Amino acid sequence: MTPGTPEEEWREDCAPRRVLELFATKWTSMILHTLHARHAGAARTGVLHRSLPGISKKMLTQTLRNLESTGLVSRHVQGSVPPAVDYRLTPLGRRFVEPVELLYGWGRDNADALDALAARPGSRRA
């Protein structure tokens, strides 16, 4: 690639690809949205699990660990018995949830366009 060419703009470590990689799993954006929109930025694991129909406990735990490792959420353990754990959006997580909210808002406003799409193979959509 020649520096400054359109090909260089799409190299493997370019910003658009890094964003897409971050949201490659369907639950990442849904967890960020749920923490932000339904729980004011913080929720316990069980509350999150009940708020996300269809997610397994294993997938929730795995995705929360991933979000924690990237710095989008932080994990807080309360000193109670048994210990209570909650997850909170970090300042970085609050920045990342902004485009998620825009995308979800677009989806709500354009449900007819989404309904017009053919179902993808393996989709749970009826």
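We now turn to the structure provided with this report.

Describing the pairing of strand 3 (residues 85–89)
Right, on to step 1. Within strand 3, four of the five residues are buried, leaving the element largely enclosed by the surrounding structure.
Right, on to step 2. Of the pairings in the sheet, the one linking strand 1 (residues 42–44) to strand 3 comprises three bridges and is antiparallel in character. Each bridged residue has a counterpart across the sheet, and for A42 the counterpart in strand 3 is R88.
Right, on to step 3. As paired strands, strand 2 (residues 73–77) and strand 3 are joined by five bridges and run antiparallel to one another.

Section: the sheet that holds strand 2
Right, on to step 1. Pairing is antiparallel in the open sheet, where three strands are placed in the order 1-3-2. Two strands close off the open sheet at either side, each with one partner strand: strand 1 and strand 2. Adjacent strand axes in the sheet meet at a mean angle of 25°, parallel and antiparallel pairs treated alike.

Here's the deal with the nonpolar core
Right, on to step 1. Counting 18 residues, the largest nonpolar core has I31, L32, L35, L60 and V73 as its most contacted members.
Right, on to step 2. Those elements giving two or more residues to this core turn out to be helix 3 (26–39), helix 5 (57–70) and strand 3.
Right, on to step 3. Of all the elements, helix 3 adds the most residues to this core, at four residues.
Right, on to step 4. Beyond its immediate stretch of four places on either side in the chain, I31 contacts L52, I55, L60, T63, L64 and L67.

Some thoughts on the pattern of salt bridges
Right, on to step 1. Scanning the model with the defined rule gives two salt bridges in all.
Right, on to step 2. Here D13 makes a salt bridge to R11, at a shortest N to O gap of 2.7 Å.
Right, on to step 3. Residue class for D13 comes out partly exposed when judged on its relative accessible area of 46%.
Right, on to step 4. With a closest N to O distance of 3.3 Å, D86 and R88 form a salt bridge.

Cut-offs applied
Residues numbered from 1 in each chain as written. Predicted model: local features only at pLDDT ≥ 70, side-chain atom pairs only at ≥ 80, totals over all residues. Heavy atoms only, no water. Buried < 20%, exposed > 50% of the residue type's maximum accessible area, 1.4 Å probe, protein only. Helix = DSSP H or I, 4+ residues; strand = E, 2+ residues; numbered from the N terminus. Pairing = 2+ DSSP bridges. Axes fitted to C-alpha atoms, helices over the stretch in contact; angles between N-to-C directions. Core = buried A, V, L, I, M, F, W, Y, C linked by side-chain atoms within 4.5 Å. Contact = heavy atoms within 4.5 Å. Salt bridge = Lys/Arg side-chain N within 4 Å of Asp/Glu carboxyl O.

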